[in-house]
Amino acid sequence: MINTKTIDTNKYLNDNLPVELKEAIANFYDKIKQNDIDGLSSAYKMIYFEAKDSWKFKEISIDKMREIQEYFRRLANG
């Protein structure tokens, strides 16, 4: 179970990231704030694919892509 009080729901939102990736991250945080645990899996998938696309189009580095994917994977898996 996720402890919503210990999660920084602004992490990565203030970084210089592509708009689509920021929107996917904001959606994930909304699921946490709404305590929609079932929705976290699909929200994580959106982050995963947006980060991958951002890397493919050279908008973020491969290291940043992996960092973002790992962070949200850990949150989604509790």
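This report concerns the structure included in the present document. It should be emphasised that the depicted structure is a prediction, and the values quoted were computed from it without experimental measurement.

With that settled, the discussion passes to the overall build of the protein chain. What the protein chain contains, in helices and strands, is 3 helices and 0 strands. Mapped from its N terminus to its C terminus, the protein chain presents α and β elements in the order α-α-α. On C-alpha atoms alone, the protein chain measures out to a radius of gyration of 12 Å, which is about the 12 Å that the 2.2 N^0.38 rule sets for 78 residues. For the protein chain, the spread of C-alpha atoms along the three principal axes comes to 35 × 20 × 20 Å. For the protein chain, buried positions account for 36% of its 78 residues. Distance between charge centres in the protein chain, computed from 13 positive and 13 negative side chains, equals 4 Å.

Before going further, it helps to examine the packing of aromatic side chains. Inspection of every chain in the model, using the stated rule, returns 8 aromatic pairs. A ring pair is formed by Phe28 and Phe72, whose centres lie 5.0 Å apart and whose planes are at 75 degrees; its orientation type is edge-to-face. Here Phe72 lies in helix 3 (residues 62–76) and Phe28 lies in helix 1 (residues 19–33), a separation of 44 residues in the sequence. Exposure remark for Phe28: the relative accessible area of 0% places this residue in the buried category. In this structure an aromatic cluster arises from ring pairing among Tyr12, Phe28, Tyr29, Tyr71 and Phe72. Above the face of the Tyr71 ring, Lys11 is positioned so that its terminal group lies 4.3 Å from the ring centre.

Evaluated as defined, the whole model comprises 6 salt bridges. The residue Asp53 makes a salt bridge to Lys56 at a minimum N-O spacing of 3.9 Å. Within this pair, Asp53 and its partner Lys56 are both found in helix 2 (residues 40–56), separated by 3 residues, close to a single helical turn. Overall, Asp53 belongs to the partly exposed group, its relative accessible area being 31%. Three or more residues joined by partner-sharing salt bridges are found here, namely Asp15, Lys64 and Glu67.

Reading guide: rules and limits
Numbering of residues starts from 1 in each chain and follows the order in which that chain's sequence is written. Reporting of local features is limited, given that this is a predicted model, to residues whose pLDDT is at least 70; pairs of side-chain atoms are given and counted only at 80 or more, and all residues count toward the totals for whole chains, interfaces and linings. Values shown for side chains rest on all heavy atoms present in the structure; no hydrogens or waters enter the calculation. Secondary structure elements follow DSSP: runs of H or I of four or more residues count as helices, runs of E of two or more count as strands, with numbering from the N terminus. For the radius of gyration, the atom set is restricted to C-alpha positions; the globular benchmark scales as 2.2 Å times the number of residues to the power 0.38. Think of it in three bands: with a 1.4 Å probe and only protein chains considered, a residue is buried below 20% of the maximum accessible area for its type, exposed above 50%, and partly exposed in between. The sign given to each residue is positive for Lys and Arg and negative for Asp and Glu; His and the chain ends receive no count. Where a charge sits is defined by one atom per residue type, namely NZ (Lys), CZ (Arg), CG (Asp) or CD (Glu). Between the rings of Phe, Tyr and Trp (Trp by its six-membered ring), a pair exists once the centres lie within 6.5 Å; its type follows the angle of the planes, with under 30 degrees stacked, over 60 edge-to-face, and the other angles tilted. Sitting over a ring, as applied to charges here, requires NZ of Lys or CZ of Arg to be within 6 Å of the ring centre and within 35 degrees of the ring normal. Here a salt bridge means any side-chain nitrogen of Lys or Arg lying within 4 Å of a carboxyl oxygen belonging to Asp or Glu.

Structural measurements only, silent on function.
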